[in-house]
Amino acid sequence: MNDRPGAYQRRQSGPGNRFAGFDVLSQAGHWDPVTAGLVTSRLDPPASASFFTGDEAACAAALVNLLTGQQDDLQIPVLPKIDARLAAGETDGWRYSDMPEDGQAWRDTLAYLDADADMRWGTAFAAAPEEQQLELIQAVQDRGSKDWHGLNAAHVWSLWTRYACTALYAHPLAWNEIGFSGPAYPRGYKNAGVDKLEPFEVRDANPSRDPIREGA
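Being a predicted model, the structure only gives us computed values, none of them experimental. (Residues numbered from 1 in each chain as written. Predicted model: local features only at pLDDT ≥ 70, side-chain atom pairs only at ≥ 80, totals over all residues. Heavy atoms only, no water.)

J.: Got a sec to walk through the nonpolar core? Specific residues and values, please.
T.: The biggest cluster of nonpolar side chains holds 47 residues, and the ones touching the most others in it are F52, I82, W106, F125 and W160. No other element matches helix α7 (residues 153-168), which puts nine residues into this core. When residues no more than four places from it in sequence are discounted, the contact partners of F52 are A57, A60, L79, I82, D83, L86, W106, R107 and L110. (Core = buried A, V, L, I, M, F, W, Y, C linked by side-chain atoms within 4.5 Å. Buried < 20%, exposed > 50% of the residue type's maximum accessible area, 1.4 Å probe, protein only. Helix = DSSP H or I, 4+ residues; strand = E, 2+ residues; numbered from the N terminus. Contact = heavy atoms within 4.5 Å.)

Written as structure tokens, this is what we have:
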């Protein structure tokens, strides 16, 4: 399980990792074969886009990379996971009554981002400088429940972040960074409780640090 691409090793042991030396895939032998195969397959090279068009994919890539903080260091393929879900019709099983179906909502909101970028700077969202991209994204979040191109901005923000976070935190590289030791089945856990670790878990090296406030 440790002969994965170099990107995996860098993410696992890179500087600033709060759980240094922890490698969730070292526990894969304790998972059932189906689960182990599913989780390790998430390290395979991502498939080409099959839902988004070229322009949509460019816009969506810029958006989700900013939402997940990967604009400068792309290691977890968030967009391909979102694309695959939408192509297969694998939604969350619900949607806001004032929003289109998720696939259409993604297409519509990406088009609106491009329209906003074109109106303000004469360029597509993906081609705009990062500072301008952030300005447009922040404007959507700041509107709260107010209207954005005929949609509830808070519901648009929910759509983007739900899909982006689901894709990000389904990946074992993200598990390493948050110290998540993976599926409990069939082995289970014996040390249940706050601040009680299993022998294979790693304690947070900097528990007082708040990455949200520090922007990291």
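J.: Describe the side chain of D116, and please don't skip the residues or the numbers.
T.: Checked against the element boundaries, D116 lands in helix α5 (residues 102-121). Despite its burial, D116 remains without a salt bridge, the nearest opposite charge being carried by R120 at 7.2 Å. A distance of 2.8 Å separates a polar atom in the side chain of D116 from a polar atom in the side chain of H149. With near-sequence residues (within four places) excluded, D116 lies in contact with L136, W148 and H149. (Lys, Arg positive; Asp, Glu negative; His and termini not counted. Salt bridge = Lys/Arg side-chain N within 4 Å of Asp/Glu carboxyl O. Polar contact = N/O pair within 3.5 Å; in protein donor to acceptor, adjacent residues only side chain to side chain.)

J.: Break down a nonpolar patch on the surface for me, with residues and values.
T.: Nonpolar side chains collect at one region of the surface, where Y169, I178, F180 and Y189 lie side by side and expose about 380 Å² of accessible area between them. In this structure Y169 comes out as partly exposed when scored by relative accessible area, which is 43%. (Patch = residues over 30% accessible without salt bridge, like charges linked within 9 Å, V, L, I, M, F, W, Y side chains within 5 Å. Areas by Shrake-Rupley, 256 points an atom, 1.4 Å probe, with all protein chains shown as cover.)

J.: Kindly report on the packing of aromatic side chains, identifying the contributing residues and their values.
T.: What the rule picks out here adds up to nine aromatic pairs. Judged by centre distance (6.1 Å) and plane angle (65 degrees), the ring pair of F52 and W106 falls under edge-to-face. Of the two residues, F52 is situated in the loop between α2 (33-41) and α3 (54-67) and W106 in helix α5; the sequence distance between them amounts to 54 residues. F52 gets classed as buried once you look at its relative accessible area, which sits at 6%. Overall, the relative accessible area of 0% leaves W106 in the buried class. Pairwise contacts between aromatic rings join F51, F52, W106 and Y163 into one cluster. One residue, R107, lies across the ring of F51, its end atom 3.9 Å from the ring centre. (Phe/Tyr/Trp six-rings, centres within 6.5 Å; stacked < 30°, edge-to-face > 60°. Lys NZ or Arg CZ within 6 Å of the ring centre and 35° of its normal.)

J.: Help me get a handle on the pattern of salt bridges, residues and values and all.
T.: Two side chains of opposite charge can pair, provided their charged atoms sit close to one another. According to the stated counting rule, one finds eight salt bridges in the structure shown. Between D204 and R18 there is a salt bridge, with its nearest N and O atoms 2.7 Å apart. Of the two residues, D204 is situated in the loop between α8 (172-178) and α9 (211-214) and R18 in the loop between α1 (6-13) and α2; the sequence distance between them amounts to 186 residues. The exposure class assigned to R18 is buried, which follows from its relative accessible area of 15%. Overlapping salt bridges, with partners in common, bring together R85, D92, D102 and R162 in one network.

J.: Run through the environment of L113, naming residues and quoting values.
T.: If you trace the backbone, L113 turns up in helix α5. Sequence separation of L113 and C59 is 54 residues, and the distance between their C-alpha atoms is 7.9 Å.

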